[in-house]
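Breakdown of the fold
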Amino acid sequence: MKRRELLLKSGLILSTLGLGQVPLMRYQQALAQPTRRKLALLIGINTYPESVVGEALDNSSPALQGCITDTALQRELLIHRFGFQPADIVTLTNEKATRQGIVDAFDQHLRGQAEPGDIVVLHFSGYGSQLRVASDTLRTWVPADGTLPQASTPQAKDLSEATLKQLLKTLKTKSVTTVVDAGFTSPDVALTAGFKVRSRPVMPMASGLATLPALVDLLGERPAVPQLFPGLLLSAARPAQLVVECAWDDLHTGLFTYALTRHLWASTPPTKLIKLMGRTRETVQQAASQSPQLGGQRADETLQVYGGSQPMAKPASAVVTEQSNRAATLWLGGLPPDALPYSDSAWFEPVTQQRLDEGMARPVRSRSGLTAQIDLTNLTEEQLQNWVVGAPIVEALRVLPREVDLVVAIDQTLERIERVDATSALAALPFVSSTTPSQLADCLFGKPITEPTQTASLDIPTESGDTKQGYGLFLPTRDLLPGTLAPQGEAIKAAITRLTPKLQTLLAMKRLRATVNTESSRLAVRRNLTQTSPQEKLLLQRQTLRPESPKSRQAEQLEQQALPLAVSTGSRLRYQVANFNPVPLYFVFVSLDARDRMLAFIPPPLVPDDESPLPLQNRYVVAPGTTTTLPEADIDWGVEEPIGGVETLLICSTTPFLQAAAVLSQLTTKSSVQRVDLGERALELAEAVLADLDSGNPDRGIANAADSYTLNAATWATLAMTYDEVA
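Residues numbered from 1 in each chain as written. Predicted model: local features only at pLDDT ≥ 70, side-chain atom pairs only at ≥ 80, totals over all residues. Heavy atoms only, no water.

**A word on the pattern of salt bridges**
In a structure, side chains of opposite charge can pair up when their charged atoms sit close to one another. Spelled out, the test is: Any carboxyl oxygen of Asp or Glu within 4 Å of a side-chain nitrogen of Lys or Arg constitutes a salt bridge here. Runs of E in the DSSP output that reach at least two residues are strands. Runs of H or I that reach at least four are helices, and both are numbered from the N terminus.
This structure, assessed with the given rule, holds 29 salt bridges. Residues glutamate 282 and arginine 542 are paired through a salt bridge, measuring 3.0 Å at the closest nitrogen-oxygen approach. Pair noted here: glutamate 282 is in helix H9 (residues 273–285) and arginine 542 is in strand S27 (residues 537–543), with a separation of 260 residues, a long-range link. As a salt-bridge pair, aspartate 442 and lysine 510 come within 2.9 Å of each other at their nearest N and O atoms. With aspartate 442 in the loop between strand S23 (432–434) and strand S24 (443–446) and lysine 510 in helix H12 (residues 492–513), this pair connects stretches of sequence that are 68 residues apart. Each of Asp70, Asp181, Arg198 and Glu245 takes part in a single network of salt bridges with overlapping partners.

Spelled out as structure tokens, the structure:
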């Protein structure tokens, strides 16, 4: 069929379906554009024998668990978000991802088909490694059939970065993106608490790389090696950092791949790479000392992700992958990891839906990993058209349990008697539960590693002059939580007692992080972080993505900003909250500072002669169409030592925070700084905020239970913002 005839026929069909003239013209223009083919090769290897990677540090199985999930995350994203055809995506997993298999797939699928201007994506999830070859150290990808060099077989069968650069150089197109979720650095001890490192636990010595005839045929005898990866390289971390995979609920995936793909589901085109990698880096660094990097020959160009073609323009939490017999299958790739464990009880709706009472919001019937089943019974034929394959879907209701524990893992390097005492002491805290070494934990109770090796990236700061340090709290990746370490000599029970307020704060932030809904909220809210001194300027901006909000004139200056943002000590800061809704917005503002203290905004004291003071809950409010500054009046907040990360949450509702205001009223002081350290009241405030959001849900009868809080995307929005305080 000729293109002109196709355009005419498509116009008649789409007009029949009720599309207006403007959408129809856009569709025809898209068809008229010369097409660029989109090709992807996705490699994920979970199953590695010990003969390939060596003995694990804790004598456990060397197999990984999240690499095949990584390929699924990329595949669903490329198909439904970026318009790749399923037939143009080749996936190699486990035993199929041999060195020969990877080279053959590259040759036949990418090199043999890609033409100038086509888009190519190459993804690898698995073990990375470093090989010592004479005086050189090579970084490599470990294929499924790679072997550790032995005296009898001294050559390695890995794929070196040099070889990969040479292969990519043979492609006819420059629009190439290589994504690597593998590491090249190993720790001194095995990670537990649901985390596993994606690098060989040993650094083998080899006489060289075994010859592969297929590579010689492709590259020649002595091919030149590009200094940088052709196109773009998205790496999970710097070479000297650990790269980890995590076990979220019943989902195992690479921390980097999950964060990267989730932010792409939430993005609105055009999606600039530097912005995407910055947001991904922010997310990853909340869980690990892992800093995703943007590199390659085109890293300095202002490029969009995966070639820039992004047919799905609306942010989404999920996408419909199947629909039949009035049931739909959703892929939940856009859900934040803090919300995923609770998605079994969530309700979802098409992005196009404006009100819950339109009747298209449906509850999850069952879920396994990132796949959910939705019952579409009782929907009309017209409503079913909003649930077709490829339709973007968002949360309508988020249901959070009232009882949630802080999960604390116990350092397996402690002596057995220490582990027994720690288990007993933690069991006495009603809000804490312990976990097995393989299950995901919120933090780790243990001691620092005293003698890191050259390959370890476990920089443990010393908090006292005593070189023999005692117990503290760590991220599961063994990064120390500030202010938790004590000198040696402290008993286990005394340490747990000392750390109890800190554990309560961690649980409070865990509870409030589970409310972040930037992609799904129907409220139009924007928040800015501005510096008032030494120079006045906008530093950060975050806003809800689903509603149409006025464009920010200042936002363009942030497009090339490196994230996480670094703010120098001595700077003075203020926040601005803009309400673009026709109704007032009530809010609670909290932050977790570099000392891991949870702070809350407190309005300024009322003047004594005020005859009719507003109730406290009505002072946490932004009027319709206005902007409020925090702190109020003519003051600002200073950036002070110690240096470290700061996380802030702005939680908004269309109804007052009555219970939260009652908690805060007991902490109100005459201090002019307008914020207070919540201390032991942190968890109480978090529960009060959740209760208020539940009370403000106008559709509580749709999904409500006595043992849960139901949050409605039409009446609630939570925006997160992070930055680093630096010297």
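The rest of the description comes next.
**Some details on the nonpolar core**
The cut-off we apply is this: What is meant by a nonpolar core is a set of buried Ala, Val, Leu, Ile, Met, Phe, Trp, Tyr and Cys residues, joined one to another through side-chain atoms within 4.5 Å. Accessibility here uses a 1.4 Å probe with only protein chains present; expressed as a share of the type maximum, an area under 20% marks a residue as buried, one over 50% as exposed, and anything in between as partly exposed.
Counting residues in hydrophobic clusters, the biggest one holds 87 residues, and the most contacted among them are Phe445 and Leu503. No other element matches the 10 residues that H12 contributes to this core. Membership of the second largest hydrophobic core comes to 63 residues, among which are Val121, Trp248, Trp265 and Leu332.

**Some remarks on helix H5 (residues 99–111)**
Note on helix geometry: an α-helix contains 3.6 residues per turn, so any two residues three or four positions apart are oriented the same way. The condition is simple: Between two residues, a contact is recorded if the distance between any of their heavy atoms is within 4.5 Å.
Among all positions in H5, only Arg99, Gly101, Ile102, Val103, Ala105, Phe106, His109 and Leu110 are buried. Lining the buried residues of H5 we find strand S1 (38–44), strand S2 (89–93), strand S3 (119–125), strand S7 (159–160), helix H6 (161–169) and helix H7 (213–219).

**With respect to the confidence of the model for the protein**
In plain terms, the rule: pLDDT runs from 0 to 100 and stands for how confident the predictor is about each residue.
Here the protein averages 85 in pLDDT, and 87% of its residues register 70 or above. Highest mean pLDDT in the protein belongs to S2 (98); lowest belongs to helix H2 (residues 21–32) (38). Predicted confidence is poor over residues 1–33, with pLDDT under 50, and the contacts of this stretch with residues over four places away or in other chains come to 18 contacts. Contacts from residues 451–467, a stretch scored under 50 in pLDDT, to residues over four places away or in other chains number 40 contacts.

**Digging into the sheet that holds S24**
Stated precisely, the cut-off is as follows: The pairing criterion is simple: DSSP has to find at least two bridges between the two strands. All axes are obtained by fitting lines to C-alpha atoms, using only the stretch in contact for helices, and the reported angles, taken between N-to-C directions, cover 0 to 180 degrees.
A sheet is described by the order of its strands in space; here four strands give the open sequence S23-S22-S24-S25, paired in mixed fashion. With partners counted over all chains shown, the strands left at the sheet margins are S23 and strand S25 (472–474), one partner each. Each strand axis lies, on average, 35 degrees off the axis of its neighbour in the sheet, ignoring direction. In the sheet, S24 pairs with S25 via three bridges, with the strands oriented antiparallel. Following the sheet pairing, glycine 446 is matched in S25 by glycine 472. On top of the sheet, helix H11 (residues 416–427) reaches strand S22 (406–410), S23 and S24; it is set at about 170 degrees to S22, its chief contact.

**Digging into the sheet that holds strand S10 (residues 205–206)**
To summarise the sheet geometry, strands pair through backbone hydrogen bonds and adopt either a parallel or an antiparallel arrangement. The four strands are arranged S7-S5-S4-S10 in an open sheet whose pairing can be described as mixed. The open sheet has two edge strands with one neighbour each: S7 and S10.

**Some thoughts on the pairing of strand S37 (residues 708–712)**
Within S37, five of the five residues are buried, leaving the element largely enclosed by the surrounding structure. Where strand S21 (residues 392–401) meets S37, five bridges bridge the pair, whose relative direction is antiparallel. Each bridged residue has a counterpart across the sheet, and for leucine 397 the counterpart in S37 is asparagine 712.

**Thoughts on the side chain of glutamine 74**
Stated formally: Two N or O atoms form a polar contact when they lie within 3.5 Å of each other; inside protein one atom must be a possible hydrogen donor and the other a possible acceptor, and for residues adjacent in sequence the pair counts only when both atoms belong to side chains.
Here glutamine 74 is to be found in helix H4 (residues 67–80). A residue is classified by how much of its surface remains accessible, and glutamine 74, at 0% relative accessible area, is buried. A polar atom in the side chain of glutamine 74 sits 3.2 Å from the side chain of histidine 123. Beyond its immediate stretch of four places on either side in the chain, glutamine 74 contacts Leu42, His123, Val179, Thr257, Leu260, Thr261 and Tyr306.

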